[in-house]
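Each chain is listed here by its residues.
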Amino acid sequence: MSPDSQASEALPSRRRRAPRGGRHRGDESFLLPPGSPTLVLAVPGHARRAGTEIAAELARLVEIEHTGQPAYVGHLDGDEASLHGLLGALRQEQDEVAAIVVPLSTGPDPALDRAVHAAVANSPVRAVAAEPLGPHPLIAEALHDRLADAGLARADRIRLMTMVTAASGVIVATPGDAAAVRQAEVTGVLLASRLAAPVFTASLNDEASVKAAAEQLRAAGAASIAIAPHLIGSEPEAALIAPAAATVGAAYSAPLGAHPALARVAALRYVEALSTALAD
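The protein appears in an unreviewed UniProt entry as Sirohydrochlorin chelatase from Actinomadura bangladeshensis.

Here's what the structure looks like:
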């Protein structure tokens, strides 16, 4: 069999799910053929840390909504449900890729990326590290939804309604340093387009950064400010959201959590990584 035909068989085929109600009706999914590499979500921290149930729910959504095959969760710290242990338990057929590891992160994170690549490099089976979930337009969609859930933005389905609680300016607050803020700016631009309102980005790890973003928004005429947490919810920085909002007198929405858009992006990152691995 030629390499091209092998790649064709290994790649997921696109399928259209039956229309369903809600915001995500009409999303495309991927049907994985038997024997496809295992999709593993790599989660920072220990298995018993608060918020780890989010990863399990995202894995479930990836499986039932997009791939049709089990997705797993591997933690980067500790021995319980560890990424290393999970990769070590997988079987490999000859030199084929056994697993695609998708970092559960809204953007590039140097520490997380190093840990994932180290786990992949030390894996007893052939594994491939995928890109993190963001930046991606679907993350801006998920942020919009969380703001709407908190009554801080108009959702598409209620665009014609008047919402006195809607924020007139938004801070996309992301974990990490200045480099992480620059990455999140991509999502901020997309979110601003969706909201038709000014959006600035800031680091949750830097109180001065949040204050500067709030000052910029107020200088731009924003009377009410909301913080949109650019994180999934299992990160340690989730504890910084409420204090950051209080510091600048802002409301805030919930972290992204197990939003269906994140499951869709995880499936996309899997396909991208698999396509690259098969082309090498």
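Don't stop here, the text continues.
A. Focus on the pairing of strand S3 (residues 38-43). The buried fraction of S3 amounts to six of the six residues, a majority that puts the element mostly inside the structure. Burial of the side chains of S3 extends over both faces: Thr38, Val40 and Ala42 are buried on one face and Leu39, Leu41 and Val43 on the other. Where S3 and strand S5 (residues 99-103) come together, five bridges link them in parallel fashion. Bridge assignment links Leu39 to a residue of S5, and that residue is Ile100.

B. Layout of the pattern of salt bridges. Scanning all chains against the criterion turns up five salt bridges. For the salt bridge of Arg60 with Glu57, the shortest nitrogen-to-oxygen distance reads 2.7 Å. With Arg60 and Glu57 both in helix H2 (residues 53-67) and three residues apart, the pair spans about one turn of that helix. Its relative accessible area of 28% is what places Glu57 among the partly exposed residues.

C. Geometry of the sheet that holds strand S8 (residues 199-203). With respect to topology, four strands assemble into an open sheet ordered S8-S7-S9-S10, the strand pairing being parallel. The open sheet has two edge strands with one neighbour each: S8 and strand S10 (251-252). When strand S7 (residues 169-174) meets strand S9 (residues 225-229), the two strands line up parallel, connected through five bridges. Within S9, the residue paired with Gly169 across the bridge is Ile225. Seen against the sheet, helix H5 (residues 137-149) touches S7 and S9 and runs at an angle of roughly 130° to S9. This element, helix H6 (residues 178-195), spans S7 and S8 of the sheet and lies at about 155° to S8.

Definitions and limits used
Residues numbered from 1 in each chain as written. Predicted model: local features only at pLDDT ≥ 70, side-chain atom pairs only at ≥ 80, totals over all residues. Heavy atoms only, no water. Buried < 20%, exposed > 50% of the residue type's maximum accessible area, 1.4 Å probe, protein only. Helix = DSSP H or I, 4+ residues; strand = E, 2+ residues; numbered from the N terminus. Pairing = 2+ DSSP bridges. Salt bridge = Lys/Arg side-chain N within 4 Å of Asp/Glu carboxyl O. Contact = heavy atoms within 4.5 Å. Axes fitted to C-alpha atoms, helices over the stretch in contact; angles between N-to-C directions.

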